[in-house]
Amino acid sequence: MIFDILTIFPEFFASPLQEGVIRRALMEGKIKVGVHNIRAFAVDRHQMTDDRPFGGGEGMVMKPEPLAACLKALGNRPAASRVILLSPKGERFNQQAAQRLAEFEQLIFICGRYEGVDERFRDKYVDEELSIGDYVLTGGELAALVALDAISRLLPGVLGCEHSAPNDSFSCGLLKHKQYTRPRVFEGTAAPEVLLSGDHAAIARHRFVESVELTLERRPDLLHDVQFTPDERKILRKSGLLGRIETLVNSQRNDSRHEG
Ligand code: ADE
């Protein structure tokens, strides 16, 4: 996967790309990251990349010409390439979006600043606009790093253990179960006995129930989209969770019907 990042703050990316899993993925050639300074493509002698908005108003708008020139300087692009603008106005970036984007060969992240980018650039060159959450950052750089990290770890061979990604929180629509390690007893509290039993089926059941309980407690909105298998429904019925989930999903359905 090739990531190309267009930014006016290229230094921003120096340290985060030199740590942990991402550093190893870069060294092993699993990902390539190009950081491109938009300012180098500014057309005037002051190297301006932003200007006052037509019609007045606060802040500054990113000029279209340096952005377009920087993008064109990347040269020929593979067919499976996507230009993504990071902005608080975009669609929400989540695990499903990370999985979808991990299929591309090249992702080009445009880091917006100020009050946004000139709409004509967006219209002509941007394939999609993404937001990492309902808050406003000082720019798209952190959002680009978040997306790069979440997408990279889904690529083959990037995580040390190939099996960790499918068990992530969100990948099956639920939050991940709780984790314990040594010591068996910490400050008087023992780790759940079943995890030390060696009974893998019982452990899987325990973790599944825990996942559902955590999701019910912290992110009930996620349960709306989860399809449980007949075996999972049996486990949920036994642990008394199925009724709670059905009541919740029905009330979410009624809420959205009333809103719609
Ligand atoms: N730029 C500023 N805020 C942002 C957000 N929430 N997501 C993506 N890019 C942004």
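This one's a predicted model, so the numbers in the text were calculated from it and none came from an experiment.

Draft legend 1. Main features of the overall build of the chain. Looking only at helices and strands, the chain features 8 helices and 9 strands. For 260 residues, the compact-globule formula gives about 18 Å, and the C-alpha radius of gyration of the chain, at 23 Å, lies well above that figure. On the principal axes, the C-alpha backbone points of the chain span a range of 70 × 50 × 40 Å. The burial tally for the chain puts 37% of its 260 residues in the buried class. For the chain, the proportion of contacts with a sequence separation of at least 24, taken over those separated by at least 6, is 76%. About 15700 Å² of surface is accessible on the chain, with carbon and sulfur atoms providing 51% of the total.

Draft legend 2. Looking closely at the site of the ligand. Near the ligand, the surroundings consist of 13 residues, among which S87, I132, G133, Y135 and L137 are the closest. I132 places a polar main-chain atom, nitrogen or oxygen, 3.0 Å from a nitrogen atom of the ligand. In isolation the ligand exposes 260 Å². Once the protein is present, 97% of that is buried. Residue contributions to the shell around the ligand peak at 3 residues, all from strand 5 (residues 81-92). A class-by-class count of the residues in the shell around the ligand yields 8 nonpolar, 5 polar and no charged.

Draft legend 3. Inspection of the packing of helix 7 (residues 230-238) against helix 8 (residues 242-259) at higher detail. In the contact formed by helix 7 and helix 8, the axes pass within 7 Å of each other and the chain directions differ by 105 degrees. Considered as vectors, helix 7 and helix 8 are oriented roughly perpendicular to each other. Between helix 7 and helix 8, the contacting residues are R233, L236 and R237 on the first element and L242, I245 and E246 on the second. Residues that form the contact of helix 7 with helix 8 fall into these classes: 3 nonpolar, no polar and 3 charged.

Draft legend 4. Region of the structure containing the packing of helix 6 (residues 200-218) against helix 7. Orientation of helix 6 relative to helix 7, taken along the N-to-C sense of each, is 75 degrees, at an axis distance of 11 Å. Judged on the interaxial angle alone, helix 7 and helix 6 are roughly perpendicular. Contact residues: R205, F208, V209 and V212 in helix 6; E232, I235 and L236 in helix 7. Across the contact of helix 6 with helix 7, the residue classes tally to 5 nonpolar, no polar and 2 charged.

Draft legend 5. Fine view of a positive patch on the surface. A cluster of basic residues, R205, K234, R237 and K238, forms a positive patch on the protein surface. When residues of the positive patch are assigned to their parent elements, the largest contribution, 3 residues, is made by helix 7. Along the chain, R237 turns up in helix 7. Take R237: its relative accessible area is 52%, and that puts it in the exposed class.

Draft legend 6. Spatial organisation of the packing of aromatic side chains. Inspection of every chain in the model, using the stated rule, returns 4 aromatic pairs. Geometrically, the ring pair formed by F3 and F109 is stacked, given 6.0 Å between the ring centres and 25 degrees between the ring planes. Of this pair, F3 sits in strand 1 (residues 2-7) while F109 sits in strand 6 (residues 106-111); the two residues are 106 residues apart in sequence, bridging distant segments of the chain. Summarising the burial analysis for this pair, F3 and F109 share the class buried.

Draft legend 7. Local environment of the domain arrangement of the chain. The domain architecture assigned to the chain consists of domain 1 (2-152) and domain 2 (185-259). A separation of 38 Å is found between the C-alpha centroids of domain 1 and domain 2.

Reading the values: the criteria
- Residues numbered from 1 in each chain as written.
- Predicted model: local features only at pLDDT ≥ 70, side-chain atom pairs only at ≥ 80, totals over all residues.
- Heavy atoms only, no water.
- Helix = DSSP H or I, 4+ residues; strand = E, 2+ residues; numbered from the N terminus.
- Rg over C-alpha atoms; globule rule 2.2 N^0.38 Å.
- Buried < 20%, exposed > 50% of the residue type's maximum accessible area, 1.4 Å probe, protein only.
- Contact = heavy atoms within 4.5 Å.
- Areas by Shrake-Rupley, 256 points an atom, 1.4 Å probe, with all protein chains shown as cover.
- Near = heavy atom within 4 Å.
- Polar contact = N/O pair within 3.5 Å; in protein donor to acceptor, adjacent residues only side chain to side chain.
- Nonpolar A, V, L, I, M, F, W, Y, C, P; charged D, E, K, R; others polar.
- Axes fitted to C-alpha atoms, helices over the stretch in contact; angles between N-to-C directions.
- Parallel < 35°, antiparallel > 145°, perpendicular 65-115°, else oblique.
- Patch = residues over 30% accessible without salt bridge, like charges linked within 9 Å, V, L, I, M, F, W, Y side chains within 5 Å.
- Salt bridge = Lys/Arg side-chain N within 4 Å of Asp/Glu carboxyl O.
- Lys, Arg positive; Asp, Glu negative; His and termini not counted.
- Charge placed at Lys NZ, Arg CZ, Asp CG, Glu CD.
- Phe/Tyr/Trp six-rings, centres within 6.5 Å; stacked < 30°, edge-to-face > 60°.
- Domains from an automatic or database assignment.

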